[in-house]
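One letter stands for each residue in the lines below.
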Amino acid sequence: MSRKKTGKGKGSSKSPKASPSSSSSSRDSGRMAKGLAAAAAPTSGLVYPCRPSLGNSGEFYDIAFKVSDAGGDSGVGKTCLLVRFKDGAFLAGSFISTVGIDFRNKVMGIDALKVKLQIWDTAGQERFRSVTHAYIVMLMVRFTCLSAWLTEIHEFTQQDVVVMLLGNKADSTHDRVVKREEGEKLAKEFGVPFMETSARSGLNVELAFTAVAKELKHRTMKEPDEPNFQLQEYVDKEMRTAGCCHS
Ligand SMILES: Nc1nc2c(ncn2[C@@H]2O[C@H](COP(=O)(O)OP(=O)(O)OP(=O)(O)O)[C@@H](O)[C@H]2O)c(=O)[nH]1
């Protein structure tokens, strides 16, 4: 029997706010009931850009960003990807559809800085309405829907939102969300970076989030005459260096 992944009745209705006070919350992972999602939406992608702050997991960080894995159709592996990234484990077993939204924090070392990513896990049906101000949206869509998803992103999010396309379940020929060639072609067509991941094997999961964190850090801290961070180039180079794949 499969259960629903739900925040209903758990935790509080408080949202993680863009202020130091949210850090004092006792939770490192928050859950919200579906109806609260829109009201609980973050007000800024940048959580707290200042010198070391103490996260609620007890880790210091220099800068923090909100990231959303929204945009994935139901069942493409959004929750599993997050769990793999945060806890290094794969959630095997029966499929439990997310209801409402959930978030997880992780602090990463990026170019001598501690960057906290607060990653929002949304149910397929919540789409972007609950995360309109997240800085980045990581899509794991079935590609027939890509155009519609991108239109929706641009309608409901900040203009400078960063979008990254992930083809998850790369470990499985049968289950994979999209073929690599198809993903690369479409990503090029739509002008978004693309990479394959697997929550099951861990393939490229750390790399995907590192690339996101680097892009966000660069956007916030770059000097006016500094060139933009090339996310796709970085990802391609890292994969080549690693002889294919990061896990
Ligand atoms: N083979 C394989 N299966 C995966 C992978 N990631 C997730 N799954 C399986 O896919 C199913 C759905 O995963 P979830 O992470 O719950 O999907 P979701 O996108 O969060 O779904 P919603 O909550 O409905 O939006 C589960 O049965 C997972 O075990 C992967 O990388 N490889």
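Rules behind the numbers
- Residues numbered from 1 in each chain as written.
- Predicted model: local features only at pLDDT ≥ 70, side-chain atom pairs only at ≥ 80, totals over all residues.
- Helix = DSSP H or I, 4+ residues; strand = E, 2+ residues; numbered from the N terminus.
- Contact = placed C-beta atoms within 7 Å.
- Axes fitted to C-alpha atoms, helices over the stretch in contact; angles between N-to-C directions.
- Parallel < 35°, antiparallel > 145°, perpendicular 65-115°, else oblique.
- Nonpolar A, V, L, I, M, F, W, Y, C, P; charged D, E, K, R; others polar.
- Expected span 1.5 Å × (residues − 1).
- Buried ≥ 20, exposed ≤ 12 C-beta atoms within 10 Å, placed from the backbone.

Section: the overall build of the protein chain
Argument step 1. The helix and strand inventory of the protein chain stands at 5 helices and 11 strands.
Argument step 2. A sequence separation of at least 24 residues applies to 71% of the contacts in the protein chain between residues at least 6 apart.

Some words on the packing of helix 1 (residues 78–87) against helix 4 (residues 205–221)
Argument step 1. Running from amino to carboxyl end, helix 1 crosses helix 4 at an angle of 85°, the nearest separation of the two axes being 9 Å. Considered as vectors, helix 1 and helix 4 are oriented roughly perpendicular to each other. Note on element contacts: helix 4 touches helix 1 through Val205, Glu206 and Phe209, opposite Leu81, Arg84 and Phe85.
Argument step 2. Grouping the constituent residues of the contact of helix 1 with helix 4 by class yields 4 nonpolar, no polar and 2 charged.

Thoughts on helix 4
Argument step 1. For helix 4, spanning 17 residues, the distance from its first C-alpha to its last is 24 Å, which sits close to the expected 24 Å at 1.5 Å a residue.
Argument step 2. Inspection of helix 4 places Val205, Ala208, Phe209, Thr210, Ala211, Val212, Ala213, Glu215, Leu216 and Lys217 among the buried residues, and these make up the whole buried set.

Here's the deal with helix 1
Argument step 1. Counted residue by residue, helix 1 has 7 buried out of 10 residues, so it is predominantly covered.
Argument step 2. Among all positions in helix 1, only Lys78, Thr79, Cys80, Leu81, Leu82, Arg84 and Phe85 are buried.

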